[in-house]
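As a plain string of letters, each chain reads:
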Amino acid sequence: TKTTFTTLINSMFPVISSYASNQEYNWSLSNVRYIFVGAEPVTEKASTDFLLAMEKYGLNKNCLKPGYGLSETMSAATVLGPECSISMLTIDDTNMNIGNKISIISHMQKHAHTYVSVGTCLKCVQISITDEQGKSLSPGYIGIIKIKGDTVSCGYYGIETLIKDKNGWFDTGDIGFLDNNHLYI
């Protein structure tokens, strides 16, 4: 049998890419349908270089599936869907404050930073981006990522309840924005 899916963290992309670039291997990766990527930020350079290095081994360029989750969400809350290829947005990073609207720019411009989508919400959760007062922000605005749903934990060991706001939203402590239902962190 051949592997059809696996998981990786972003920091392994350069390691594997380096091995593949410095020596020829008898790898056949054409059966790999999904590589789920999480546990740390996914970067444009590492993911793009990885896909280029693995192309000669038959790896499908649409197999990378970044996701986002926490222990409190019982693992994933978002993931890039099977029909989606990796999605990236380049924005001006000079005004990256909570409540500000993102400004999409060319990756060649000064202050450009490219963010990789960590996918869309799983059916069992909802995501809200809010300001510091808890007011929901529209897509395209930078804010605090809050999660609500069946997979969000009720509490921690020794602490009976997880701290949620009055509407049941869990504050992840992470900052991000939504664009076309995709979460970017």
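Residues numbered from 1 in each chain as written. Predicted model: local features only at pLDDT ≥ 70, side-chain atom pairs only at ≥ 80, totals over all residues. Heavy atoms only, no water.

Draft legend 1. Local environment of the confidence of the model for the protein. Averaged over all residues, the pLDDT of the protein equals 92, while 98% of them reach at least 70. Mean pLDDT across the secondary structure elements of the protein bottoms out at strand β4 (residues 75-79), with 91, and peaks at strand β11 (residues 182-184), with 97. (pLDDT = per-residue confidence, 0-100. Helix = DSSP H or I, 4+ residues; strand = E, 2+ residues; numbered from the N terminus.)

Draft legend 2. Representation of the nonpolar core within the structure. With 21 residues, the main nonpolar core has Phe13, Ile35, Phe50, Met54, Leu59 and Leu64 as its most contacted residues. For this core, the secondary-structure elements that each account for two or more residues are α1 (12-22), β2 (34-37) and α2 (44-55). Of all the elements, α2 adds the most residues to this core, at five residues. Apart from the residues within four sequence positions on either side, phenylalanine 50 is in contact with Leu8, Phe13, Ile16, Ser17, Ile35, Leu59 and Leu64. By size, the runner-up hydrophobic cluster in this structure holds 14 residues, among which are Leu70, Ala77, Val118 and Ile127. (Core = buried A, V, L, I, M, F, W, Y, C linked by side-chain atoms within 4.5 Å. Buried < 20%, exposed > 50% of the residue type's maximum accessible area, 1.4 Å probe, protein only. Contact = heavy atoms within 4.5 Å.)

Draft legend 3. Up close: the sheet that holds strand β9 (residues 143-149). Strand order in the open sheet formed by four strands is β8-β9-β10-β11, and the pairing between neighbours is antiparallel. Strand pairing shows two members of the sheet lacking a second neighbour, β8 (125-130) and β11, which therefore form its edges. Taking each pair of neighbouring strands and ignoring which way they run, the sheet shows an average axis angle of 55°. Both strand β10 (residues 170-179) and β11 contribute to a ladder of three bridges, which runs antiparallel. By the bridge assignment, phenylalanine 177 is partnered in β11 with tyrosine 184. (Pairing = 2+ DSSP bridges. Axes fitted to C-alpha atoms, helices over the stretch in contact; angles between N-to-C directions.)

Draft legend 4. Structural view of the pattern of salt bridges. If you walk through the whole model with that rule in mind, you get three salt bridges. Here glutamate 24 ties to lysine 56 by a salt bridge, and the two come within 3.1 Å at their closest N and O atoms. Taken together, the residues glutamate 24 in the loop between α1 and β2 and lysine 56 in the loop between α2 and β3 (64-70) connect sequence positions 32 residues apart. By relative accessible area, which is 47% here, lysine 56 ends up partly exposed. Here lysine 45 makes a salt bridge to aspartate 49, at a shortest N to O gap of 2.6 Å. Remark: aspartate 49 and lysine 45 occur in helix α2; sequence separation between them is four residues, near one turn of the helix. When its relative accessible area of 31% is taken as the criterion, aspartate 49 is described as partly exposed. (Salt bridge = Lys/Arg side-chain N within 4 Å of Asp/Glu carboxyl O.)

Draft legend 5. Seen up close, the packing of aromatic side chains. Summed over all chains, the structure comprises seven aromatic pairs. Judged by centre distance (4.9 Å) and plane angle (55°), the rings of tryptophan 27 and tyrosine 57 are tilted. With a gap of 30 residues between them, tryptophan 27 in the loop between α1 and β2 and tyrosine 57 in the loop between α2 and β3 connect regions that are remote in the sequence. Joined through ring pairs, the aromatic side chains of Phe5, Tyr34 and Phe36 make up one cluster. (Phe/Tyr/Trp six-rings, centres within 6.5 Å; stacked < 30°, edge-to-face > 60°.)

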